[in-house]
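Okay, here's what each chain looks like letter by letter:
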Amino acid sequence: MGNDSDESAAPMSNLPSLRLHIPVPPTRPGDAPSFDHLSFSEAGAVRRPDSAAAEAEMRDLPYELIRVLDGEGRAIGPWDPKLSPDMLRRGLRAMLFTRLFDDRMFRLHRQGKTSFYMKSLGEEAIAVAQSLALGEKDMSFPTYRMLGWLMARDYPLINLVNEIFSNADDPLKGKQLPILYSARAYGFYSLSGNVGSRFGHAVGWAMASAYKNDDGIAIGYIGEGTTAEGDFHEALTFASVYRAPVILCVSNNQYAISSFSGIAGAETTTFAAKALAYGLPGLRVDGNDFLAVWAATLWAAERARTNHGATLIELFTYRAAGHSTSDDPTKYRPADEAEHWPLGDPVERLKQHLIHIGEWDEARHEAQVAELTEAVRAAVKQGEAVGTLGQSKPSVREMFEGVFKEPDWRLIEQRRELGV
Amino acid sequence: MGNDSDESAAPMSNLPSLRLHIPVPPTRPGDAPSFDHLSFSEAGAVRRPDSAAAEAEMRDLPYELIRVLDGEGRAIGPWDPKLSPDMLRRGLRAMLFTRLFDDRMFRLHRQGKTSFYMKSLGEEAIAVAQSLALGEKDMSFPTYRMLGWLMARDYPLINLVNEIFSNADDPLKGKQLPILYSARAYGFYSLSGNVGSRFGHAVGWAMASAYKNDDGIAIGYIGEGTTAEGDFHEALTFASVYRAPVILCVSNNQYAISSFSGIAGAETTTFAAKALAYGLPGLRVDGNDFLAVWAATLWAAERARTNHGATLIELFTYRAAGHSTSDDPTKYRPADEAEHWPLGDPVERLKQHLIHIGEWDEARHEAQVAELTEAVRAAVKQGEAVGTLGQSKPSVREMFEGVFKEPDWRLIEQRRELGV
Amino acid sequence: MAQMTMIQALNSALDVMLEKDSNILIFGEDVGYFGGVFRVTDGLQKKHGLTRCFDAPISEGGIIATAIGMGAYGLRPVPEIQFADYILPAYDQLVSEAARLRYRSNGEFSAPITVRSPYGGGIFGGQTHSQSPEAVFAHITGLKTVIPSNPYDAKGLLIASIECDDPVIFLEPKRLYNGPFDGRHDRQLRTWAGHPAGEVPEGYYDVPLGKAATVRAGGEVTVIAYGTMVHVALSAIEESGVDAELIDLRSIVPLDIDAIVASVEKTGRCVIVHEASRFGGFGGELSALVQERCFYRLKAPIERVAGWDTPYPHAFEWDYFVGPGRVAAALARVMEA
Amino acid sequence: MAQMTMIQALNSALDVMLEKDSNILIFGEDVGYFGGVFRVTDGLQKKHGLTRCFDAPISEGGIIATAIGMGAYGLRPVPEIQFADYILPAYDQLVSEAARLRYRSNGEFSAPITVRSPYGGGIFGGQTHSQSPEAVFAHITGLKTVIPSNPYDAKGLLIASIECDDPVIFLEPKRLYNGPFDGRHDRQLRTWAGHPAGEVPEGYYDVPLGKAATVRAGGEVTVIAYGTMVHVALSAIEESGVDAELIDLRSIVPLDIDAIVASVEKTGRCVIVHEASRFGGFGGELSALVQERCFYRLKAPIERVAGWDTPYPHAFEWDYFVGPGRVAAALARVMEA
Ligand SMILES: Cc1ncc(C[n+]2csc(CCOP(=O)(O)OP(=O)(O)O)c2C)c(N)n1
Ligand SMILES: Cc1ncc(C[n+]2csc(CCOP(=O)(O)OP(=O)(O)O)c2C)c(N)n1
Ligand SMILES: [Mg+2]
Ligand SMILES: [Mg+2]
């Protein structure tokens with residue numbers, strides 16, 4: 001029984017005993033914020049292979065950081081997508097819109113007008129750039145921090161407000177939690193509270209498009225914390241095996257509620273490097289750089305559309321707000337950490353770039369903010385007129401609709417029992 | 001709604017339409033076997049980093065193949081574990097034992113003496129080398145093709161036979177399918193029919209050992225086909241995050257029932273490269289080379305024992321037999337494919353090495369085979385005397401034992417209802 | 001009409017549907033070139049093409065997630081899970097996603113997928129090739145669960161499931177694949193040849209979901225069963241001489257409550273039979289429904305005959321498997337009561 | 001004795017057990033430094049050390065697989081799943097592994113783990129923060145399922161669960177974390193202060209698994225409930241004036257069948273209440289058991305009051321949540337019958 005040969009690798013007596021390693025973030029409340037453990041490529045420094053290149057030729061990319069905007073607001077290097085000023089302004093507008101809307105909704109939650117809210121503060125470049133960079137027939141499989149996708153496509157604000165209030169005009173008829181939108185016509189797949197479980201749907205959708213020789217591709221999102229779910233691996237496996245025309249994005253905002261990204265594996269490697277497990281290109285991108293996000297997305301889309309398969313993109317960003325209305329981040333990280341995030345704020349950076357190229361100025365910016373603030377205010381007012389949570393709701397009959405395409409006897413009896 | 005800017009990455013009219021890629025193996029029944037799509041490192045060619053080296057220094061290894069034995073039976077290069085002739089003979093014996101036992105049991109299944117059997121033909125080096133290389137306090141979390149682990153540790157043959165017959169002396173009391181053994185005292189964790197679902201248990205066990213400042217490490221196994229399960233990813237994530245003292249092995253025998261390894265992702269990269277996703281070392285090893293398997297295992301064990309964490313090892317081998325007694329591989333691959341597998345047969349190769357170094361000869365080999373054949377015959381006879389499937393079984397009371405530590409009223413009532 | 005086993009009938013259903021609708025595709029472990037470990041998809045890849053019926057990675061969660069995404073796009077995937085014991089890694093996808101997609105998106109997206117999977121015991125498959133997990137699906141709002149008991153129904157129900165716009169768990173009693181097993185393992189086994197339900201039309205037809213079949217009319221007691229247990233119950237009834245009415249549910253969601261109530265109203269007695277372990281099994285729901293709706297007609301306690309509350313033990317196949325003896329005993333008890 | 005909320009009582013149980021046994025450790029999403037999104041593990045990492053209570057990756061399957069491996073080694077892990085809605089990715093690990101390990105290894109290995117998870121509705125949590133999945137665990141042979149209804153029981157049952165050698169699913173009714181909610185959301189909310197069950201000993205004690213509590217003695221009808229529904233049922237009974245006996249099951253596996261039967265034998269009427277959706281829910285099992293064992297004493301059909309067979313809809317919280325009105329209506333029906 002057992003093996004006691006001294007050639008075996010059984011423990012040698014002079015070894016220290018085993019220890020369990022628990023990752024601990026560099027700083028906690030009370031400490032001075034520090035990002036010294038991170039190092040970033042310079043803007044413009046990372047090469048841009050051909051989008052049809054073999055994966056074996058790109059195994060360095062997951063360890064770099066693709067950046068276009070430098071500290072002065074200049075766009076430099078091979079990844080500069082060379083967007084028109086109009087498109088840059090469109091992006092800035094959608095990002096600002098997202099931020100102003102978030103801010104307003106967060107305050108409405110405090111007033112008890114809804115049950116729940118989540119912001120994408122500091123991460124707005126991601127969804128906005130990708131929404132604009134992709135086409136009408138492409139489908140996104142978002143997380144709850146991708147409001148910018150809808151904002152960039154001019155989704156009616158009032159729909160958002162009504163959904164958040166779960167009122168009589170809620171487009172989802174009160175069935176879903178606030179912010180868990182669904183907007184098929186805008187390329188926005190149905191959200192759910194479960195994290196990660198739609199990542200593979202993006203792959204299935206993309207495979208279906210390829211199966212039908214259609215031309216739409218899919219883009220899926222997952223938070224860096226959620227990459228630990230089996231869903232992540234399964235989605236990437238299927239994407240790789242069937243060369244699905246899909247862009248799979250890890251939105252790495254460095255936090256999963258209170259847990260720093262070390263709990264998801266960031267102590268040992270990058271999230272982009274997970275692409276290597278599947279023989280897929282892994283791009284690591286400055287997620288607060290509108291131009292870099294755009295360029296990487298375009299590259300991956302080109303690859304997908306030409307039947308070269310999937311790409312994994314890590315969008316490196318920082319969650320500047322709390323996780324949700326239920327969270328207080330000062331309980332687990334330095335209160336002023338957000339201000340020290342070295343890659344800055346995506347709105348400020350795009351604004352600086354536009355000013356730098358002479359296509360924007362403070363006055364226009366202020367006017368823009370005022371216009372959008374007013375639009376948010378008006379939508380909220382309109383939604384409040386219908387009613388906020390608990391004051392107005394869709395017909396209770398709705399509760400029994402849509403469980404199946406047609407209700408069965410159980411639903412009919414129960415609806416009757418409730419008298420609706 | 002949607003985005004129609006011509007700067008976006010929406011499909012361009014001159015693109016071909018999307019196509020769904022379905023992996024297809026290079027050959028099917030009727031074709032001439034071919035392994036031309038594979039390329040292997042030469043024996044001795046792959047460098048051996050220090051077992052404490054940083055993962056970033058080893059990112060080439062997953063794409064190489066660690067080999068020690070060359071075509072002439074010489075052991076060469078930095079990975080040669082320099083084992084004593086006694087240990088080599090012990091390994092050869094356990095491999096032969098495994099093969100002879102498998103062969104006999106397969107035939108007994110044809111005679112209706114058991115319901116099911118699975119062989120590890122052609123893969124015997126893996127479990128045998130690892131069982132001998134690791135220590136008594138180490139725990140393996142095997143697949144159903146790791147019988148060699150028990151053979152190398154002299155597990156009583158009669159226990160195997162009785163379990164396979166589910167007879168009155170079955171050590172698992174008839175509760176489990178044949179070959180799904182459990183042998184704690186031999187470092188062999190309970191098997192189940194579900195593939196993959198114990199991979200994470202190895203990590204948990206290793207974490208527990210580290211938590212208790214104990215000195216045993218764990219080794220987990222998974223088939224290449226099963227790496228597609230979420231369990232695989234979850235186990236590796238936990239192993240990486242907590243630096244668990246565990247060796248995680250992918251036994252890549254190129255088939256998962258009828259599916260070639262391309263269905264598990266082998267068209268695009270190696271299984272060892274999956275380590276890169278977790279910042280772990282990934283070793284790719286000739287699984288039919290007893291010495292290479294030993295050396296890689298020893299390296300990973302050293303790394304684990306010195307608190308440097310987990311290693312992923314791909315053991316590249318070939319499933320020379322059918323998947324199980326229910327399978328006929330000539331239905332989906334060339335009938336003579338096994339004979340063409342370029343990395344040969346593990347038993348033959350170790351035998352050749354022993355002969356090459358002057359520590360073995362054909363006569364001793366024949367005598368060894370005869371001795372082991374007799375031992376198998378005797379154990380089968382002993383088991384048959386107790387009874388084969390359906391002729392003998394443990395007390396039916398056993399059916400109700402071990403659901404919980406103590407049966408509750410349901411089990412007591414039901415046992416009574418059945419009258420046992 | 002042709003003579004078919006249940007395997008052939010299922011194969012025929014898939015063949016007919018692949019022909020009929022290019023939005024239908026099949027994938028799963030070993031279903032492609034090889035045709036599935038139970039041969040249900042035999043020949044389909046060759047006939048309909050590589051992308052219509054193909055192998056999938058060993059990843060039940062991934063298979064179902066992929067199918068849902070395809071369903072949302074507009075296809076009607078028919079994934080196979082090799083054994084129902086191995087459907088559990090996909091449980092979250094089935095429950096949290098497939099079952100809820102239509103509701104939570106207010107109808108914008110849905111998952112019209114049909115998940116085929118062989119289930120059930122009587123094959124010396126041990127713990128992980130014999131289980132009957134229908135109860136953990138029946139409880140899930142938004143899922144339908146279908147279980148045929150013969151070749152004719154298998155084909156018609158599978159076609160109806162594929163055409164159904166809701167997600168369907170289609171459980172195939174593998175013990176019935178090749179013949180109408182009645183639990184009498186010590187007697188000569190029968191095949192589907194000669195069985196009326198082994199006569200199967202070659203073309204398209206459906207058997208609607210939610211309509212039970214009265215396998216045998218009777219006046220003294222209602223026996224409710226599905227899958228393999230239909231044959232076990234029939235055998236028990238025939239040998240016991242009790243004038244029982246045997247109802248084959250065919251789908252447990254939707255459930256044909258009218259058929260059940262009408263029968264028990266008539267007979268005043270009820271025996272429920274299933275393979276799955278008893279506690280928390282689907283028999284509890286059936287018993288509760290009958291009791292709620294037929295309370296004043298009941299002449300005896302409703303009996304449940306079900307698997308023991310243990311895992312499925314290899315050596316004790318015939319001690320565990322619900323056989324005609326246990327059903328007959330229950331019939332005797334309700335008749336005596 | 002101290003005054004504790006259910007959160008504090010659970011925290012105290014964990015604290016006591018971490019102190020008592022170095023084989024016990026806690027991990028889960030956000031449970032470490034932060035102390036859990038519901039604060040149940042607050043302060044435990046600081047007090048007992050980094051390796052005793054730590055954060056885990058967002059991977060419920062991984063959490064449970066890891067815990068099982070630890071349990072096999074000899075530890076007694078107490079993993080937390082942040083919401084019971086998110087336990088499903090771990091369903092295969094719980095069912096195929098934790099529940100079966102002892103049996104299949106003939107006792108060589110076992111998984112003495114306690115999986116804590118907040119469940120249930122009444123908090124405007126919508127579809128995925130309100131569900132009650134107990135039925136899909138109760139059906140699984142080899143798992144125990146425990147559901148406390150007040151701080152005193154919560155602590156004692158959690159200690160008993162941790163000490164239990166079998167795997168336990170410990171479902172915490174999150175609506176009761178801070179007070180004994182009776183479903184009357186439009187009235188002043190109460191806290192645990194002043195409630196007798198809010199008086200909790202600071203040290204070690206246990207409440208054995210499988211022993212129901214008679215919350216209120218009565219002669220006319222037996223009401224069976226667990227978790228939040230105990231308080232809803234009590235309120236309904238009190239306001240209806242029916243002389244009902246209220247049984248709080250405390251654990252549904254093991255089930256205190258003797259307490260149930262003794263009560264229904266006495267009252268002859270039975271109402272079962274749970275939050276989970278009705279069809280295939282645990283109420284079906286309870287109804288079947290009562291009917292089987294008390295058939296001849298029953299004066300009226302057994303009633304089930306349960307969640308509707310729909311997903312949990314955000315806007316309709318109080319239309320979906322089982323409130324005292326629906327329980328009272330059932331009481332009236334059984335009394336009239
Ligand atoms: C399956 C599942 N497990 C746990 C949760 C609870 N939860 C909600 S958000 C969250 C953190 C997600 O972090 P990350 O993936 O990094 O996304 P982020 O919030 O940072 O955008 C957790 C654990 C959940 N919603 N779903
Ligand atoms: C969860 C699960 N899914 C499917 C199966 C059916 N099955 C048994 S073995 C097998 C193939 C496994 O292939 P691989 O992992 O390559 O291991 P190998 O048999 O080649 O050693 C499959 C699909 C199973 N046992 N468990
Ligand atoms: Mg995050
Ligand atoms: Mg294999």
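Thresholds, definitions, all that
Residues numbered from 1 in each chain as written. Chains lettered and ligands numbered in written order. Predicted model: local features only at pLDDT ≥ 70, side-chain atom pairs only at ≥ 80, totals over all residues. Heavy atoms only, no water. Helix = DSSP H or I, 4+ residues; strand = E, 2+ residues; numbered from the N terminus. Buried < 20%, exposed > 50% of the residue type's maximum accessible area, 1.4 Å probe, protein only. Contact = heavy atoms within 4.5 Å. Areas by Shrake-Rupley, 256 points an atom, 1.4 Å probe, with all protein chains shown as cover. Lys, Arg positive; Asp, Glu negative; His and termini not counted. Charge placed at Lys NZ, Arg CZ, Asp CG, Glu CD. Core = buried A, V, L, I, M, F, W, Y, C linked by side-chain atoms within 4.5 Å. Pairing = 2+ DSSP bridges. Right-handed = clockwise from strand over helix to strand, strands pointing away. Donors = N, O, S within 2.8 Å, 3.2 Å for Na, K, Ca; no water. Least-squares fit on C-alpha atoms with pLDDT ≥ 70 in both.

> Looking at this structure, I do not really get the overall build of chain C. What am I missing?
Looking only at helices and strands, one finds 12 helices and 14 strands in chain C. Based on the C-alpha atoms only, the size of chain C along its principal axes is roughly 60 × 45 × 40 Å. In chain C, which comprises 337 residues, the proportion classed as buried is 76%. Considering only residue pairs separated by 6 or more positions, chain C has 77% of its internal contacts joining residues 24 or more positions apart. Total accessible area on chain C is roughly 8400 Å²; 49% of this is exposed by carbon and sulfur atoms. Where the 29 positive side-chain charges of chain C centre and where its 41 negative ones centre are 3 Å apart.

> Which parts of the structure should I look at to understand the nonpolar core?
Generally speaking, a soluble globular protein has its nonpolar side chains buried in company with each other. Judged by nonpolar contacts, the single largest core of 493 residues is most densely connected at F101(A), F290(A), F101(B), F290(B), L249(C) and L249(D). With near-sequence residues (within four places) excluded, F290(B) lies in contact with L69(B), L83(B), L88(B), G91(B), M95(B), A125(B), V128(B), A129(B), L132(B) and L350(B).

> Before we go on, may I ask you to explain unusual backbone geometry in this structure?
Between V253(C) and the following residue, P254(C), the backbone shows a cis peptide bond with an omega angle of -5°. Here P254(C) lies in the loop between strand 12 (251-253) and helix 9 (257-267). Positioned with a positive phi, K173(B) is a non-glycine residue whose angle comes to about 55°. Locating K173(B) in the fold gives a position in the loop between helix 4 (157-165) and helix 5 (199-211). The class for K173(B) is partly exposed, based on a relative accessible area of 27%. A positive phi angle is found at Q254(B), which is not glycine, with a value near 75°. Examined against the element boundaries, Q254(B) turns out to sit in the loop between strand 3 (246-252) and strand 4 (255-256).

> Quick question: what am I supposed to make of the pairing of strand 13 (residues 270-277) of chain C here?
Two faces belong to every sheet, and in a regular strand the side chains alternate between them. Residue and element names in this part refer to chain C. Counted residue by residue, strand 13 has 8 buried out of 8 residues, so it is predominantly covered. Alignment of strand 13 against strand 14 (residues 303-307), held across 4 bridges, turns out to be parallel. Residue pairing in the sheet places V273 in a bridge with V305 of strand 14. You can see the chain leave strand 13, run along helix 10 (residues 282-294) and come back into strand 14, and the turn it takes is right-handed.

> How should the coordination of the magnesium ion (ligand 4) be read in this particular structure?
Tetrahedral coordination by four donors places them ideally at 109.5 degrees to one another around the metal; octahedral coordination by six donors ideally gives 90 or 180 degrees. Residues and elements named next belong to chain B. Taken together, E224 (OE), N253 (OD1) and Y255 (O) make up the protein donors of the magnesium ion (ligand 4), found 2.0 to 2.1 Å from the metal. Within one chain, the residues donating to the magnesium ion (ligand 4) are spaced in sequence as E-x28-N-x1-Y. Of this pair, E224 sits in the loop between strand 2 (218-223) and helix 6 (230-241) while N253 sits in the loop between strand 3 and strand 4, and the two are 29 residues apart along the sequence. Like N253, E224 is buried.

> Which parts of the structure should I look at to understand the relation of the copies chain C and chain D?
In this arrangement, two copies of a chain are superimposed by a rotation about an axis accompanied by a shift along the axis. Turning chain C through 180° and shifting it by 0.0 Å along the axis lays it on chain D, with an RMSD of 0.0 Å. Taken together, the turn and the small shift mark the pair as related by a two-fold rotation axis. Residues of chain C ranked by C-alpha distance from the rotation axis are headed by G284(C), positioned 2.3 Å from it. Interface overlap between copies is the fraction of interface residues in one copy that are interface residues in the other; for chain C against chain D it reaches 100%, indicating a shared surface.

Interpretation in functional terms is not warranted from these geometric data alone.
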